[in-house]
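Overview (structure and organization)
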Amino acid sequence: MARATPILHQNNLLLTPRTRTSHSLFNSPKPPPPLSPTLTSVSLSHHRVTRVSTAPLEHAPPSPSPDFRPEISRLKSLRSTLSRSKTLTDKLRAIHADSRVKRFFTVGVSRVLNDYLKLGDYELFLLKCVVAAGQEHVLGSISESVVEGDFESARGLLKSALYGLVEMIEKWDVEGGGGVVGGRVEEEVEGKEVGALRKLLKTLGEMERFYDCIGGIIGYQIAVLELLAQSRYEGHTINWSKHLNESKGCQLLEVHPPRVLDLSEDTEYASQAALWGIEGLPDLGEIYPLGGSADRLGLVDPHTGECLPAAMLPYCGRTLLEGLIRDLQAREFLYFKLYGKQCVTPVAIMTSSAKNNHERITSLCERLGWFGRGRSLFQFFEQPLVPAVGAEDGQWLVTRQFMPVCKPGGHGVIWKLAYDRGIFQWFYDHGRKGATVRQVRFDPLGIGGDWSAPWKELIASRESETSLPGMVLNTKKPITYVDQFGIQHRVPGGRLECTMQNIADNFFNAHSSRRCEGVEADNLDTFIVYNERRKVTSSAKKKRRYGDKSFPQTPDGSLLDIMRNAYDLLSHCQIEIPKIEGNDKYADSGPPYLIFLHPALGPLWEVTRQKFVGGSIAEGSELQVEVAEFLWRDVQLDGSLIVVAENILGSTTMDENGDPKLQYGRRCGRCKLQNVKVLNEGIDWTSGHNTYWKHDVQRFELLKVILHGNAEFEATDVILQGNHVFEVPNGYKLKITSGNSGLDVQLNPIEEKSMDTGSWFWNYKINGTHIQLELVEL
């Protein structure tokens, strides 16, 4: 089976120079980077002269491509030796035999690392792996800057500091000195460089442990160089089929198309599959890969100015994590309405240390009271960061001494990481047989979202590269970082990533002999689900720049897809609503309207459509419904209407441990609108302060209903014109009808017998493969 080369190329003509000064590890020295895009440097005798180049930079002859093969061979030999070493002592002895390691780790340097920095054997092993991998510049190596063939060597930062310490220590020992020199040594050792070194050791330790199946740090560098070499030598490809056959012990590999399910065509099957999913909810856990750094989105905390990770994207007025939990609770609420039982799903979240991702996510959960689910139903496992490498030579990019540029290693690491951190066992302990993986998008991923635990455990527990699916080196997106002098750099590079979707490459059905009669698709363990793309996923990976006419993969484009879905949903409810046109029409304006519906109104569309019947929504209107028990009958909206309930899904009580727990269906807020016309000025669509995808807009007027506790709001046969805010207290029902002199407004307490159930509610029933709703009034 032919495989595409798993590397994406960067075809930039203008390459920004790096700050690294270490010489190339390979046979082809590269010329110095230009001092600016229009200046070049030449050497006359031993004096550097700067002259203006008249030739366009893109026509300059390219640097010779390095030959990675000797370095790959050297590292593979070292990896093989290390794999045969059974103890840490044996591994230290083996790696210290490497010529690079010997040259760097002199007696004096080793003494400082051991005696004064108090590094243990494993920490020394990690540092030696870095040097052996050809990345000694990360530690401040002896470097050479190349200027037209003239080499100028200078001690690196670390070695200068270490040799300085060695000299002071030796002088101290010889002279029998004491406190002053010793104090100076301690002051040097306790500086910020040591803090950076400790952070580096933590990153290296995680990297060595996670990539143990391919050889740790050494194996990581081998994989990087192999992918770079694969992209440069024509005809040189990695025989992935061979690797896969060996891992499965197969003599023959055949590819058969799996079963295809098109949900947009087979609606009856789609309804049945949805019911199966809801029915099986008590057997499933939930996994959220939230370790992404989202560099291209350019998220910034408005108060601190700090960069924010993807999980903190303020989409539609809330973070992505809040959106994921809302979707999950909507499914749990539907389960409660169908089966009358409480179901609370355990959630495992993969975080990372990028942009304080882990701390921000855990703090958000604490601040929101663990979403009324309890701390015990959340489990966090931190994604390791991996060094970014330059696309030219495979060298790790660094911002300063001990600080390589690190990024998360792709969502595909989730399988092995979950196995290593005991996440699968944690799900088993909560009685779960499988889990649903939700990508960080704005709608459910849909395809490839479910997994059967035995499959993933089998794959993740393998001691080979098959537990890291889809390893790629994506150099298509430049790496941007700031060096120690505050200078920003943008260079072609990437990091070794594992792609989540490529887990399917490791799913096989094995047979003892070839099945000449063929294989039935229904007998395969894999299947493919099709649907209209915007109903499955609408990604937002990059920030839309001012004046940019392009919408794909931006939050603005994703918002338009959500509005299109709202049109598809409501236009089938006999509601007149303008259709969303092509993206080009909205390049210089906002969307034609804003409609945000809480997922618990369904989350299945056939459920939602029974709560909305008739009426119209005019262009430029805004509708937000944050309540599950809701009825819309013949409502005409021209302006802004916002309904917000405090108890959307139920009420919160304290359990025996003092943790808040959400009880589904108990004391929900409720809203009925029948034959109502809402007229107001609504959103100021001309305001330059509007950010529509954040749902951050300026308004002239609006009608807002706020429901506290189990409060209820009803409006029948009325026109609600102008600016109004109706705030209903807990335990009361506000009813508005037409009166002789305008509106008749009545606020009455809810009867005691209806406090938990409400004066009315929707009764859910299963009829074949469909769900039917019945309005029950008490």
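Residues numbered from 1 in each chain as written. Predicted model: local features only at pLDDT ≥ 70, side-chain atom pairs only at ≥ 80, totals over all residues. Heavy atoms only, no water.

Here we look at the overall build of the chain
Broken down by element type, the chain carries 18 helices and 37 strands. Burial status across the chain gives 48% buried among its 778 residues. Taking contacts inside the chain between residues at least 6 apart in sequence as the whole, the part at least 24 apart equals 67%. (Helix = DSSP H or I, 4+ residues; strand = E, 2+ residues; numbered from the N terminus. Buried < 20%, exposed > 50% of the residue type's maximum accessible area, 1.4 Å probe, protein only. Contact = heavy atoms within 4.5 Å.)

Remarks on the packing of aromatic side chains
Within the structure shown, the criterion is met by 17 aromatic pairs. With a centroid separation of 6.3 Å and 85° between ring planes, the pair formed by Trp-760 and Trp-762 is classed as edge-to-face. For the pair formed by Trp-760 and Trp-762, the shared burial category is buried. Chaining the aromatic ring pairs together yields one cluster made of Trp-370, Phe-371, Phe-378 and Phe-380. Residue placement shows Lys-128 over the ring face of Phe-105; its charged tip is 5.5 Å from the ring centre. (Phe/Tyr/Trp six-rings, centres within 6.5 Å; stacked < 30°, edge-to-face > 60°. Lys NZ or Arg CZ within 6 Å of the ring centre and 35° of its normal.)

Regarding the packing of helix 5 (residues 121-132) against helix 8 (residues 192-210)
When two helices pack together, you describe them by how their axes are tilted relative to each other and by the distance separating the axes. With their axes 10 Å apart at the nearest point, helix 5 and helix 8 run at an angle of 80° to one another. Comparing the axis directions of helix 5 and helix 8 gives the class roughly perpendicular. Mapping the contact onto sequence places Tyr-122, Glu-123, Phe-125, Leu-126, Leu-127, Cys-129 and Val-130 in helix 5 and Leu-197, Arg-198, Leu-201, Leu-204, Gly-205, Glu-208 and Arg-209 in helix 8. Residues belonging to the contact of helix 5 with helix 8 are distributed by class as follows: 9 nonpolar, 1 polar and 4 charged. (Axes fitted to C-alpha atoms, helices over the stretch in contact; angles between N-to-C directions. Parallel < 35°, antiparallel > 145°, perpendicular 65-115°, else oblique. Nonpolar A, V, L, I, M, F, W, Y, C, P; charged D, E, K, R; others polar.)

Examining the packing of helix 11 (residues 267-279) against helix 12 (residues 320-339)
The contact between helix 11 and helix 12 brings their axes to 9 Å, and the two run at 90°. Our classification of the angle between helix 11 and helix 12 gives roughly perpendicular. Here helix 11 contributes Leu-275, Ile-278 and Glu-279 to the contact with helix 12, which in turn contributes Arg-331, Leu-334, Tyr-335, Leu-338 and Tyr-339. Considered class by class, the residues forming the contact of helix 11 with helix 12 number 6 nonpolar, no polar and 2 charged.

Let's talk about the sheet that holds strand 25 (residues 622-626)
Strand order in the open sheet formed by 5 strands is 23-25-27-31-33, and the pairing between neighbours is parallel. Each end of this open sheet is capped by a strand with a single partner; those strands are strand 23 (594-597) and strand 33 (724-728). This sheet shows a mean twist of 10° between the axes of neighbouring strands, independent of strand direction. The pairing of strand 31 (residues 703-707) with strand 33 spans 5 bridges and is parallel. Within the sheet, the bridge partner assigned to Lys-704 lies in strand 33 and is Val-725. (Pairing = 2+ DSSP bridges.)

Digging into the environment of Lys-611
Among the secondary structure elements, Lys-611 is positioned in the loop between helix 18 (605-608) and strand 24 (612-617). You can call Lys-611 buried: its relative accessible area is 0%. The spacing of Lys-611 and Leu-773 is 162 residues in sequence and 8.5 Å in space, taken between C-alpha atoms. The contact partners of Lys-611, leaving out residues within four places of it in the chain, are Ala-600, Leu-601, Ala-628, Phe-630, Leu-631, Trp-632, Arg-633, Trp-762, Tyr-764 and Leu-773. Here Leu-601 takes part through its backbone oxygen, which lies 3.3 Å from a polar atom of the side chain of Lys-611. Within the local environment of Lys-611, its side chain forms a polar contact with the side chain of Tyr-764, the two groups lying 2.9 Å apart. (Polar contact = N/O pair within 3.5 Å; in protein donor to acceptor, adjacent residues only side chain to side chain.)

What to know about the confidence of the model for the chain
In the predicted model, the chain carries a mean pLDDT of 80, and 77% of its residues have values of at least 70. Counted against residues more than four places away or in other chains, residues 443-455, with its pLDDT under 50, gives 33 contacts. (pLDDT = per-residue confidence, 0-100.)

Concerning the pattern of salt bridges
Evaluated as defined, the whole model comprises 31 salt bridges. A salt bridge links Asp-67 to Arg-69; the shortest N-O distance between them is 3.0 Å. We classify Asp-67 as partly exposed; its relative accessible area is 21%. Arg-326 is the salt-bridge partner of Glu-626, the closest N and O atoms lying 2.8 Å from each other. Residue Glu-626 is found in strand 25, and its partner Arg-326 is found in helix 12; the two are separated by 300 residues along the sequence. The same class applies to Glu-626 and to Arg-326, which are both buried. (Salt bridge = Lys/Arg side-chain N within 4 Å of Asp/Glu carboxyl O.)

Regarding the side chain of Glu-286
Position of Glu-286 among the secondary structure elements: in strand 7 (residues 284-289). A polar contact of 3.4 Å, which involves the side chain of Glu-286, links it to the side chain of Tyr-288. Beyond its immediate sequence surroundings of up to four residues, Glu-286 is in contact with Leu-328, Arg-331, Thr-345, Pro-346, Val-347, Ala-348, Phe-427, Ala-435, Thr-436 and Arg-438.

A look at helix 4 (residues 107-116)
Every buried residue of helix 4 is listed here: Gly-108, Val-109, Ser-110, Val-112 and Leu-113. Looking at the residues trailing helix 4, positive phi occurs at Lys-118, about 60°.

Examining the pairing of strand 17 (residues 471-474)
Within a regular strand, the side chains alternate between the two sheet faces. Residues Met-471 and Leu-473 line one face of strand 17 and the alternating positions Val-472 and Asn-474 line the opposite face, and both faces are buried. Taken together, the 3 bridges between strand 17 and strand 21 (residues 496-498) define a ladder with antiparallel strand orientation. Each residue of the ladder has a partner; that of Val-472, found in strand 21, is Glu-497.

Structural notes on the sheet that holds strand 35 (residues 742-749)
Across a sheet, paired strands are connected by hydrogen bonds in the backbone, their directions being either parallel or antiparallel. Strand order in the open sheet made by the 6 strands is 24-26-30-32-34-35, with mixed pairing throughout. Looking at which strands have only one partner, the edges of the open sheet turn out to be strand 24 and strand 35. Going from strand to strand, the sheet's axes swing by 15° on average, the running direction of each strand aside. Direction of pairing for strand 24 relative to strand 26 (residues 629-638): parallel, over a ladder of 5 bridges. Across the sheet, Ser-616 pairs through a bridge with Gln-636, a residue of strand 26.

A look at the nonpolar core
Counting residues in each nonpolar core, the largest one holds 100 residues, and the members touching the most others are Leu-321, Trp-632 and Phe-713. With 10 residues, the top contributor of residues to this core is helix 12. Trp-632 has contacts with Ile-575, Lys-611, Phe-612, Val-613, Gly-614, Ser-616, Ile-617, Leu-623, Leu-637, Leu-641 and Leu-673, leaving out every residue within four places of it along the chain. Membership of the second largest hydrophobic core comes to 75 residues, among which are Leu-127, Tyr-211, Ile-218 and Leu-473. (Core = buried A, V, L, I, M, F, W, Y, C linked by side-chain atoms within 4.5 Å.)

Let's talk about the environment of Pro-492
Tracing the backbone through its elements, the reader meets Pro-492 in the loop between strand 19 (488-491) and strand 20 (493-494). Look at Pro-492 and you get buried, because its relative accessible area is 8%. Through-space distance from the C-alpha of Pro-492 to that of Val-389 is 8.7 Å; in sequence the pair is 103 residues apart.

Notes on a positive patch on the surface
A grouping of Arg-296, Lys-476, Lys-477, Arg-533 and Lys-541 is seen on the molecular surface, where their side chains present a positively charged patch. Turning to its location among the elements, Arg-296 is positioned in the loop between strand 7 and helix 12. Overall, Arg-296 belongs to the partly exposed group, its relative accessible area being 39%. (Patch = residues over 30% accessible without salt bridge, like charges linked within 9 Å, V, L, I, M, F, W, Y side chains within 5 Å. Areas by Shrake-Rupley, 256 points an atom, 1.4 Å probe, with all protein chains shown as cover. Lys, Arg positive; Asp, Glu negative; His and termini not counted. Charge placed at Lys NZ, Arg CZ, Asp CG, Glu CD.)

What about the environment of Glu-392?
Looking at the secondary structure, you find Glu-392 in the loop between strand 11 (389-390) and strand 12 (398-400). The class of Glu-392 is partly exposed, set by a relative accessible area of 28%. In the structure, Glu-392 is positioned 100 residues away from Pro-492 in sequence and 7.8 Å away in space, judged by C-alpha atoms.

Thoughts on the side chain of Thr-399
Take Thr-399: it is sitting in strand 12. Discounting chain neighbours no more than four positions away, the residues touching Thr-399 are Val-405, Tyr-481, Val-482, Asp-483 and Gln-484.

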